[in-house]
Amino acid sequence: MALSRRRFLSAALAGAALTACARHDAAPAAVRPEAGLAEAIARTEAARPHTGRTVTAHLRAGSSDLDLGGPVVRSLAYDGRVAGPLVRANVGDELAIGVTNGLDHPTSVHWHGIALRNDMDGAAPATPEIAPGEEFTYRFTSPVPGSYWAHPHAGLDTDYGLYLPVIIDDPADPGDYDAEWIVVLDDWTAGVGPDPHDILDGLRSRRMSMHGMPGMGGAGNSLLGGDGGDVSYPYYLVNGRIPSAPTAFTTQPGQRVRIRIINAAADTAFRVALAGHRMTVTHTDGYPVDPVDVDAVLLGMGERYDVLVTAADGVFPLLAFAEGKNGAARALLRTGAGSDPGPDFRPAELAGQVATAAALSAASPVRLAPRAPDAELQAVLSGGMMGYDWRINGRPFTDAVPLTVGENQRAVLRFVNRSMMWHPMHLHGHTFEVLRSDGAPGPRKDTVIVAPMQAVAVAFDADNPGVWMLHCHNGYHMDAGMMTTLEYV
């Protein structure tokens, strides 16, 4: 009955706007009132800012030969490149992004972090998947500027290379910087190591030799509560390049550079530092924070951090250390003469002050207004390596009981991790305010790290009606069941 209800909701939410989605007129009468969500979605979309300008692009998802800077691998990508092409627009612009599915299985594009209309989220049941050989155009506006990204919400396709950066600009933002560098991080195995689906099969059957366990002696493993992840990857990439053939960003000494860092990995947190530089953290998951000067930042899968640096004179590696593992991704900042110190170089900044969400506070203009909660929700996270069955509130996604909210409620959601693994928990269609242990507000985010045997509470306003996914952004945990839905009633 849970699956039947999801199929019905897919039609109720998307039927009016997406003519390709079949209507389920024979659905049980008990769930017919959910069709009112379609009107609520349309009303919410109309209230978003609209510039009258449309930004168009087209993506093709398919198999490609990809040059990683030496190794050439056959894998999946958008338009034959990793990371895929940048999608960029202003707040209030309509994005019309056509997608052709050149794969042999259904796919989708989820617009990670953007509080868009539910029927364009790119995750079933709210949005129908795109069949092989078919095309679909996502149409939506974004009400909030920031650094985002897009990827399929179908199986393990993201881990094969299907992802791209998305930037929403605020034309009113003066931009206190001279140059911008978009850095997309990834862990990579397709074509050079075990296939991601073989890895998942090995995890489920406990054939650990198939993929190898991560090294547990990596620097700073304590930041993740002693857990470095489930998979040790052959390569870690910055903008699709292996460490021995790094991409380079060139600017002038003394210029202020805004670095937008996106973690597109499936199983790896990265500690990121720029040799010879301090970073000023300005944003996380698209939202501004009170600026903090640090040596490095820690990003779980799905998280984004924006930092400012003042470029020194020379050649400086940007090092993304695979937290708790034995490897790193790297790129270069070039401002003058100098040589690359090589892929084995580890900047001293990695051992310095590291920014995490716990140390950040939302800038005052984006803090949630003080308000007593109307709804208290809980997501208990459980599972382990034995059997590799990951669950929320004791249930896998195939048997999930949705969390429910009413429109315009203030909800407090408490993540309770009863496993020995860390989980980057992501909520679609909303941002939440991370609450400190004393209840004080922290940063605004859409993805938050929940350490082993710890709890994290977040608050959000239920201002975007629909059926939304809530899941761990470890691709293997999610595919093995750690996902549920948040539904408006």
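Residues numbered from 1 in each chain as written. Predicted model: local features only at pLDDT ≥ 70, side-chain atom pairs only at ≥ 80, totals over all residues. Heavy atoms only, no water.

So, the overall build of the protein
What counts, and what does not: Strands are runs of DSSP state E lasting at least two residues, helices are runs of H or I lasting at least four, and both sets are numbered from the N terminus onward. Burial here depends on accessible area, computed with a 1.4 Å probe over protein chains only, as a share of the maximum for the residue type. Under 20% is buried, over 50% is exposed, and the range in between is partly exposed. Contact between two residues is taken to exist if any of their heavy atoms lie within 4.5 Å; hydrogens are not considered. Calculation of accessible area relied on Shrake-Rupley with a 1.4 Å probe; when residues are assessed, cover is drawn exclusively from the protein chains displayed.
From N to C terminus, the protein includes 4 helices and 31 strands. For the protein, buried positions account for 60% of its 489 residues. Within the protein, contacts between residues at least 6 apart in sequence are counted, and of these 75% link residues at least 24 apart. Roughly 17,600 Å² of accessible area belongs to the protein as shown, and the carbon and sulfur atoms make up 51% of that amount.

Let's talk about the sheet that holds strand 30 (residues 467–472)
Worth spelling out the cut-off: Any two strands with at least two DSSP-identified bridges between them are counted as paired. Angles shown run from 0 to 180 degrees and are taken between the N-to-C directions of axes, each axis being a line fitted to C-alpha atoms and, for helices, limited to the stretch in contact.
The mixed open sheet is built from 5 strands, whose spatial order is 23-31-30-25-28. Strand pairing shows two members of the sheet lacking a second neighbour, strand 23 (403–405) and strand 28 (447–450), which therefore form its edges. Within this sheet the neighbouring strands show an average axis-to-axis angle of 20°, counted without direction. Direction of pairing for strand 25 (residues 423–427) relative to strand 30: antiparallel, over a ladder of 3 bridges. Each residue of the ladder has a partner; that of Leu-427, found in strand 30, is Leu-470.

Notes on the nonpolar core
To keep it simple, the criterion reads: Residues enter a nonpolar core if they are buried and are Ala, Val, Leu, Ile, Met, Phe, Trp, Tyr or Cys, with the set joined through side-chain atoms within 4.5 Å.
If you look at the biggest cluster of nonpolar residues, it comprises 136 residues, and the most contacted ones within it are Trp-111, Val-272, Val-297 and Tyr-476. Among the elements that make up this core, the one with the highest residue count is strand 9 (residues 179–188) (7 residues). If near-sequence neighbours (up to four positions away) are discounted, Trp-111 is found in contact with Ile-97, Leu-116, Met-120, Asp-121, Tyr-138, Phe-140, Trp-149, Ala-150 and Val-166. Counting residues in each nonpolar core, the second largest holds 6 residues, with Phe-397, Met-469, Met-478 and Met-483 among its members.

Quick look at the pattern of salt bridges
Inclusion rule: Put simply, a salt bridge is a Lys or Arg side-chain nitrogen that is within 4 Å of an Asp or Glu carboxyl oxygen.
Counted by the stated rule, this structure contains 26 salt bridges. Close ionic contact of Arg-139 with Glu-94 constitutes a salt bridge, the shortest N to O distance being 3.8 Å. Taken as a pair, Arg-139 in strand 6 (residues 135–141) and Glu-94 in strand 4 (residues 94–101) lie far apart in primary sequence, 45 residues in all. Overall, the relative accessible area of 45% leaves Arg-139 in the partly exposed class. Measuring nitrogen to oxygen at the nearest pair gives 2.8 Å for the salt bridge that ties Glu-180 to Arg-260. On the criterion of sequence distance, the pair formed by Glu-180 in strand 9 and Arg-260 in strand 12 (residues 256–263) is long-range, its members being 80 residues apart. Owing to a relative accessible area of 22%, Glu-180 belongs among the partly exposed residues under this scheme. A relative accessible area of 2% means that Arg-260 is categorised as buried.

Some thoughts on the environment of Pro-343
Within the fold, Pro-343 resides in the loop between strand 19 (328–334) and strand 20 (354–355). C-alpha separation for the pair Pro-343 and Ala-245, spaced 98 residues apart in sequence, amounts to 8.8 Å. Filtering out sequence-adjacent residues up to four positions away, Pro-343 remains in contact with Pro-243 and Arg-330.

Considerations on the confidence of the model for the protein
Let me state the cut-off plainly: Confidence per residue, as judged by the predictor, is encoded in pLDDT with a range of 0 to 100.
The predicted model of the protein averages 89 in pLDDT, with 90% of residues at 70 or higher. Taken as a whole, residues 1–33 scores under 50 in pLDDT and shows 51 contacts with residues more than four places along the chain or in a different chain. Ignoring residues within four places in sequence, the model shows residues 208–220, a span with pLDDT below 50, making 42 contacts including any to other chains.

Observations regarding the sheet that holds strand 16 (residues 296–299)
Sheets are built from strands that pair by backbone hydrogen bonding, the pairs being arranged parallel or antiparallel. Within the open sheet, the 6 strands sit side by side as 11-19-18-13-16-20. Their pairing is mixed. Of all strands in the sheet, those with a lone pairing partner are strand 11 (248–250) and strand 20, marking the two edges. Note that strand 13 (residues 270–274) and strand 18 (residues 315–322) share 5 bridges and pair antiparallel. Bridged to Phe-270 within strand 18 is Ala-322.

Things to note about the packing of aromatic side chains
Our working rule: Two aromatic rings, drawn from Phe, Tyr or Trp (for Trp, its six-membered ring), form a pair once their centres lie within 6.5 Å of each other, and the interplanar angle then sorts them: stacked below 30 degrees, edge-to-face above 60, tilted otherwise.
Applying the stated criterion across every chain, the model contains 7 aromatic pairs. With a centroid separation of 5.8 Å and 75° between ring planes, the pair formed by Trp-111 and Tyr-138 is classed as edge-to-face. Of the two residues, Trp-111 is situated in strand 5 (residues 110–112) and Tyr-138 in strand 6; the sequence distance between them amounts to 27 residues. Side by side, Trp-111 and Tyr-138 carry an identical accessibility label, which is buried.

Regarding the pairing of strand 24 (residues 410–417)
By the criterion of burial, strand 24 is predominantly enclosed, with 7 of the 8 residues buried. The sheet contact formed by strand 21 (residues 375–382) and strand 24 spans 7 bridges and is parallel. Opposite Leu-381, over in strand 24, you have Asn-417 as the bridge partner. Relative to strand 29 (residues 455–461), strand 24 is paired through 7 bridges, and the arrangement is antiparallel.

Structural notes on the side chain of His-471
Within the fold, His-471 resides in strand 30. Judged by its relative accessible area of 0%, His-471 falls in the buried class. If we ignore the near neighbours within four places in the chain, the residues touching His-471 are His-153, Pro-424, Met-425, His-426, His-428, Met-478, Met-482 and Met-483.

Things to note about the pairing of strand 3 (residues 87–90)
Only one face of strand 3 is covered, namely the one carrying Val-87 and Ala-89; the face carrying Arg-88 and Asn-90 has none of its residues buried. The sheet contact formed by strand 3 and strand 8 (residues 164–169) spans 4 bridges and is parallel. Pairing of Ala-89 across the sheet is with Ile-168, part of strand 8.

Digging into helix 2 (residues 36–47)
Under the convention used in this document: By this rule, a helix spans an expected 1.5 Å times one less than how many residues it contains. The directions from the helix axis to the C-beta atoms are what the arc is built from.
In this model helix 2 runs 17 Å from its N-terminal to its C-terminal C-alpha over 12 residues, within 8% of the 16 Å that 1.5 Å per residue would give. Buried residues of helix 2: Leu-37, Ala-38, Ala-40, Ile-41, Thr-44 and Glu-45, and no others. Take helix 2 and look down its axis: the buried residues cluster within an arc of 165°, on one side only. Turned more than 90 degrees away from the buried face of helix 2, the exposed residues are Glu-39, Ala-46 and Ala-47.

Things to note about unusual backbone geometry
Here the bond from Val-82 into Ala-83 is cis, since omega is -5°, no more than 30 degrees from zero. Inspection of the secondary structure puts Ala-83 in the loop between strand 2 (72–78) and strand 3. Ala-124 connects to Pro-125 through a cis peptide bond whose omega is 10°. Although it is not a glycine, Tyr-388 adopts a positive phi angle of roughly 50°. Assignment of secondary structure puts Tyr-388 in the loop between strand 21 and strand 22 (391–392). The phi torsion at Asn-393 lies on the positive side, around 55°, for a residue other than glycine. With respect to the helices and strands, the residue Asn-393 is situated in the loop between strand 22 and strand 23.

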